[in-house]
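Chains, contacts and geometry: an overview
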Amino acid sequence: MAKLYFYYSSMNAGKSTSLLQSAYNYQELGMNSFLLTAEIDDRYSVGKVTSRIGLEAGAHLFNQDNNLFELVSERNENEPIDCVLIDESHFLSKEQVKQLGKVVDKLDIPVLCYGIRTDFRGELFPGSQYLLAWADNLNELKTVCHCGRKATMVVRLDADGKVVSDGDQVVIGGNDQYQSMCRRHFSEHIWSQ
């Protein structure tokens with residue numbers, strides 16, 4: 001029986017690497033996985049899931065206007081899909097998370113979503129909020145804060161490397177703009193401002 005999975009963490013925990021490993025495992029068994037990634041994230045290259053350690057694979061782009069149930073259904077009719085893998089799933093909308101649930105329930109295709117739980121203010125991303133609520137399985141991928149504790153939060157840095165606490169929820173960036181921290185260090189930077 002298929003399930004909806006959410007693999008979440010702060011930045012630099014290996015979410016894309018884990019997704020690419022899953023895709024490879026399916027491929028090695030002669031199975032067909034359908035990879036999707038957020039159109040908005042163009043840090044590395046468009047139309048690819050790319051990990052920090054240099055692994056990559058082609059992926060179909062999604063944006064807020066896509067009906068993911070229809071997209072997967074059409075693809076599945078042309079070429080049967082054994083698994084859907086979604087990178088940057090925190091950029092999904094509430095409706096798209098529902099659509100992914102429908103992929104699992106109606107098409108019996110497992111869906112594995114990989115994304116960040118919270119933004120630089122400690123607020124849930126919409127996709128993460130609904131995946132946390134509706135996924136069948138929740139899996140936390142771990143990374144560490146500079147102090148050695150488990151990092152569960154992310155701070156945004158300005159051009160001078162100083163932590164900022166306001167601004168748009170979505171600003172695409174990597175290690176130059178974001179740093180993963182434990183709640184204690186996050187709160188020292190954000191909640192004390």
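Report follows, based on the coordinates. Bear in mind that the values here come from a model prediction, so they are computed numbers and not experimental data.

Turning next to the pattern of salt bridges. This structure, assessed with the given rule, holds 2 salt bridges. One salt bridge connects Lys150 with Glu140, and the closest N-O pair in it is separated by 3.0 Å. Taken together, the residues Lys150 in strand E10 (residues 150-151) and Glu140 in strand E8 (residues 137-140) connect sequence positions 10 residues apart.

Estimated volume of the second largest pocket: approximately 190 Å³. Those elements that place two or more of their residues in the lining of the second largest pocket are helix H1 (15-28), strand E2 (33-38) and strand E4 (56-58). In terms of residues, the lining of the second largest pocket owes the most to one element, H1, which gives 4 residues. For the lining of the second largest pocket, the class distribution of residues is 7 nonpolar, 4 polar and 1 charged.

For Lys15, the position within the fold is in helix H1. Although buried, Lys15 forms no salt bridge, and the nearest oppositely charged side chain, Glu88, lies 6.9 Å from it.

A word on helix H3 (residues 94-107). Two residues of an α-helix separated by three or four positions point the same way, owing to the 3.6 residues in each turn. Counted at 1.5 Å a residue, the expected span for H3 with its 14 residues is 20 Å, and the 20 Å between its end C-alpha atoms agrees. Among all positions in H3, only Gln96, Val97, Gln99, Leu100, Gly101, Val103 and Val104 are buried. Phi for Asp108, located one or two positions after H3, is positive at around 55°.

Moving on, we come to the pairing of strand E1 (residues 4-9). Of all 6 residues in E1, 5 are buried; the element is thus mostly enclosed. Alignment of E1 against strand E7 (residues 111-116), held across 6 bridges, turns out to be parallel. Paired with Tyr7 across the two strands is Tyr114, which belongs to E7. Here 4 bridges tie E1 to E8, and the two strands are oriented parallel to one another. Counterpart to Tyr7 in the pairing with E8 is Asn139.

Rules of the game
- Residue indices begin from 1 for each chain and proceed along its sequence in written order.
- Note on the predicted model: pLDDT of at least 70 is required for a residue's local features to be given, and 80 or more for side-chain atom pairs to be given and counted; whole-chain, interface and lining totals, by contrast, use all residues.
- Hydrogens and water are ignored here; the side-chain numbers use all heavy atoms of the structure.
- What makes a salt bridge here is a side-chain nitrogen of Lys or Arg within 4 Å of a carboxyl oxygen of Asp or Glu, nothing more.
- Secondary structure follows DSSP: runs of H or I at least 4 residues long count as helices, runs of E at least 2 residues long count as strands, and numbering of each begins at the N terminus.
- For each structure, a 1 Å grid was placed over the protein atoms alone; sets of points admitting a 1.4 Å probe that cannot get out are labelled cavities, open sets with protein on both sides within 12 Å along at least five of seven lines are labelled pockets, and lining residues have an atom within 4 Å of a point.
- Grid points are joined across faces, edges and corners, and a volume is the space filled by probe spheres set on the points.
- Three residue categories are used. Nonpolar comprises Ala, Val, Leu, Ile, Met, Phe, Trp, Tyr, Cys and Pro, charged comprises Asp, Glu, Lys and Arg, and polar comprises the others, including Gly.
- Relative accessibility decides the category of a residue: with a 1.4 Å probe and only protein chains considered, values under 20% of the type maximum give buried, values over 50% give exposed, and everything between is partly exposed.
- When charges are counted, neither His nor the chain ends are considered; positive counts come from Lys and Arg and negative counts from Asp and Glu.
- Each residue after the first adds 1.5 Å to the expected span of a helix.
- Paired strands, in this sense, are two strands between which DSSP finds at least two bridges.

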